[in-house]
Amino acid sequence: MSGYSGQRRHDLRIGPQPKYVDPERSPLNRTLLEPPFPAVMKAIATKRRAKRETQRAMKSNFAIATAGIITFGSQAAQMFEALSEEDQDRAFRLLARAIAMRLRTSLHGLVVHRDEATIYAHFTLSSHNRDGMPLSKSTRPAVLPGLQDLTAQVMQRFCPDIERGNRYGERLAAEADWSDIIHKSVHKLHRELPLDLAAKQAQLDALAADEETARARVAKMEERVAKLTQKTDLTTREVKRLATYQKRLEDRNAELEQVLSASQAAQIEAERLGALAAESRAREEAKTAEAIAKSAAMATAMSALTEEVAAETLHRTPAGKITAKSPERLKPAHPEIVPAVQAAVSLVEHSRQKRRDAEAAACAIHEERKALAEEREAIAREWSA
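Not measured: the values here are computed from a predicted model. (Residues numbered from 1 in each chain as written. Predicted model: local features only at pLDDT ≥ 70, side-chain atom pairs only at ≥ 80, totals over all residues. Heavy atoms only, no water.)

J.: Help me out: how do you make sense of the layout of surface pockets in this one?
T.: One way to see where empty space is left: roll a probe the size of a water molecule over the atoms. Here the second largest pocket is characterised by a volume of approximately 220 Å³. As for the second largest pocket, its lining consists of I322, T323, A324, P327, L330, K331, H334, I337, V338, V341 and Q342. Listed by contribution, the elements that provide at least two residues to the lining of the second largest pocket are β6 (322–323), α11 (327–330) and α12 (338–384). Looking at the lining of the second largest pocket, the element that brings in the most residues is α12, giving 3 residues. Among the residues forming the lining of the second largest pocket, the class breakdown is 7 nonpolar, 3 polar and 1 charged. (1 Å grid on protein atoms, 1.4 Å probe; cavity = no way out; pocket = protein on both sides within 12 Å on 5 of 7 lines; lining within 4 Å. Points joined across faces, edges and corners; volume = space filled by probe spheres on them. Helix = DSSP H or I, 4+ residues; strand = E, 2+ residues; numbered from the N terminus. Nonpolar A, V, L, I, M, F, W, Y, C, P; charged D, E, K, R; others polar.)

J.: Mind showing me how you'd approach the domain arrangement of the protein chain here?
T.: Reports often express the size of an interface as the amount of accessible area lost when the parts come together. Each domain of the protein chain was delimited in the assignment, giving domain 1 (3–179) and domain 2 (194–295). Between domain 1 and domain 2, the C-alpha centre-to-centre distance is 23 Å. Here domain 1 meets domain 2 over a buried area of about 670 Å², counting both sides, of which 55% is carbon and sulfur. Where domain 1 meets domain 2, there are 1 residue pair in polar contact (both at pLDDT 80 or more). Looking at the side of domain 1 that touches domain 2, the element that brings in the most residues is helix α1 (residues 2–11), giving 4 residues. Of the residues contributing to the side of domain 1 that touches domain 2, the split by class is 3 nonpolar, 4 polar and 1 charged. (Domains from an automatic or database assignment. Buried area = accessible area lost by both parts, 1.4 Å probe. Polar contact = N/O pair within 3.5 Å; in protein donor to acceptor, adjacent residues only side chain to side chain.)

J.: I'm lost on the UniProt feature "coiled-coil region" (unreviewed entry) in the protein chain in this one. Help?
T.: Those residues carrying the UniProt feature "coiled-coil region" (unreviewed entry) are residues 204–266 in this numbering. Segment residues 204–266 splits into 90% helix and 0% strand. End C-alpha atoms: 6 Å apart. (UniProt positions renumbered as here; feature names shortened; annotations may be inferred.)

J.: Explain the environment of L234 to me, please; I cannot follow it from the model alone.
T.: Of note, L234 is situated in the loop between α9 (186–229) and α10 (236–311). With a relative accessible area of 30%, L234 lands in the partly exposed category. Sequence-distant contacts of L234, defined by excluding residues within four places in its chain, comprise L228, V239 and L242. (Buried < 20%, exposed > 50% of the residue type's maximum accessible area, 1.4 Å probe, protein only. Contact = heavy atoms within 4.5 Å.)

J.: Help me understand the packing of aromatic side chains in this model?
T.: Each pair of aromatic rings is reported with the distance of its centres and the angle of its planes. For the structure on display, the rule yields 3 aromatic pairs. Pairing F72 with F80 gives two aromatic rings, centres 4.6 Å apart and planes at 25°, and the pair type is stacked. Of the residues examined, F72 reaches a relative accessible area of 16% and is grouped as buried. With relative accessibility at 0%, the residue F80 sits in the buried group. Grouped by ring-pair contacts, the aromatic residues F72, F80 and F92 constitute a single cluster. (Phe/Tyr/Trp six-rings, centres within 6.5 Å; stacked < 30°, edge-to-face > 60°.)

J.: Is there a simple way to explain the pattern of salt bridges in this structure?
T.: Note on pairing: side chains with opposite charge can pair once their charged atoms come close. On inspection of all chains with the given rule, the structure shows 17 salt bridges. The partner of R164 in a salt bridge is D149, and the shortest N-O contact between them spans 2.4 Å. Placement of the pair is R164 in the loop between α6 (144–158) and α7 (168–173) and D149 in helix α6, with a sequence separation of 15 residues. Residue classification places D149 among the partly exposed residues on the basis of a relative accessible area of 23%. Here E238 and K231 are joined by a salt bridge, their closest N and O atoms 2.6 Å apart. (Salt bridge = Lys/Arg side-chain N within 4 Å of Asp/Glu carboxyl O.)

J.: I would appreciate a short explanation of the packing of helix α4 (residues 85–102) against α6 in the present structure.
T.: The N-to-C vectors of α4 and α6 enclose an angle of 150°; their axes lie 10 Å apart at closest approach. By the angle between their axes, α4 is roughly antiparallel relative to α6. You can see that α4 and α6 cross each other, and the crossing is right-handed. Contacts from D87, R90, A91, F92, L94, L95, A98, I99 and R102 in α4 reach G146, L147, L150, T151, V154, M155, R157 and F158 in α6. (Axes fitted to C-alpha atoms, helices over the stretch in contact; angles between N-to-C directions. Parallel < 35°, antiparallel > 145°, perpendicular 65-115°, else oblique. Left-handed = near helix turned anticlockwise from the far one by under 90°.)

J.: Looking at this structure, how should I read α4?
T.: Count 3.6 residues to each turn of an α-helix, and residues three or four apart come out pointing the same way. The end-to-end C-alpha distance of α4, which contains 18 residues, comes to 26 Å, matching closely the 26 Å that a straight helix rising 1.5 Å per residue would cover. All of the buried residues along α4 are Q88, D89, A91, F92, L95, A96, A98, I99 and A100. Packed against the buried residues of α4 are β1 (30–33), β2 (65–70), α3 (74–81), β3 (107–113), β4 (120–126) and α6. Following α4 by one or two positions, R104 has its phi on the positive side, about 60°. (Expected span 1.5 Å × (residues − 1).)

If you want it as structure tokens, here you go:
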């Protein structure tokens, strides 16, 4: 309930808001369906939960609502903002109702925001579907891409040029580079992620200080309220003071909820950045390890190839296949070492051919000398006679 209360106050711009909100543009926001009070959403969720058999009682942090947001890429946002407000509202209503229908739940809130960088809309669904199952269980990860498909279909009725973004899996299957998929080069990722993480950590530290201050303010006001409520007889002035303190306590609780909500969002983003940094490091480490292993394999293969050339143990079969004495030392460097192996085989074959030619020439000289010697002996015998 506290989380939904903070979200509702944010959607309706009640109380303090984040610094990125432009208060001068807040009057441009449009409430198409006002989100109900937390008690109403709790009653709806409780009634639906009762439709199914449960083994445990309802928890104190029982989810009463599911919050969603409809956003656009930069180009799609320009197309959508060119529509009239009536068409924009029709598109938001149609999409929010279609999503609720797809998830078999009900729509209870829809607010359009124009006081930030681009137009977007918050919508509120019941946390349980019509069968009593919580959306956290019935909405599997495989369902979410279908919601994006549905979003594109609805928005294309109003802006035909809007396109659905390609799924990560499809882009990877098409051999897209991982760094392109996350929209940053690896070099840029390594340069910016530490800064992003540091900035997010600083934000978390600041929010932690704000939370401590907010809790102290709540505790102080609770103490004042408790002192007055413990009295049996209150004067007229004390009754007024108690009402003032109770109102201040309510406001300070709301401020605390806002800080807790912002802190939770910042923590989620910090975890996302941390996971992204870890994944980036893991990929780079894997690439480095692969390069080191490849380099070692190349060094081993080149050493083995040098020995094969020296021993002339490389051969090419009549079918053109290359054989070696130690092929297991060459294979890990395949296919990079193939050109070197082919050149080495050619070198060995050329060396063999030169040796065969030299041996043939030596043999011919020997035969010629032998014939000459025999001829000399024949002449000597004939001279003696």
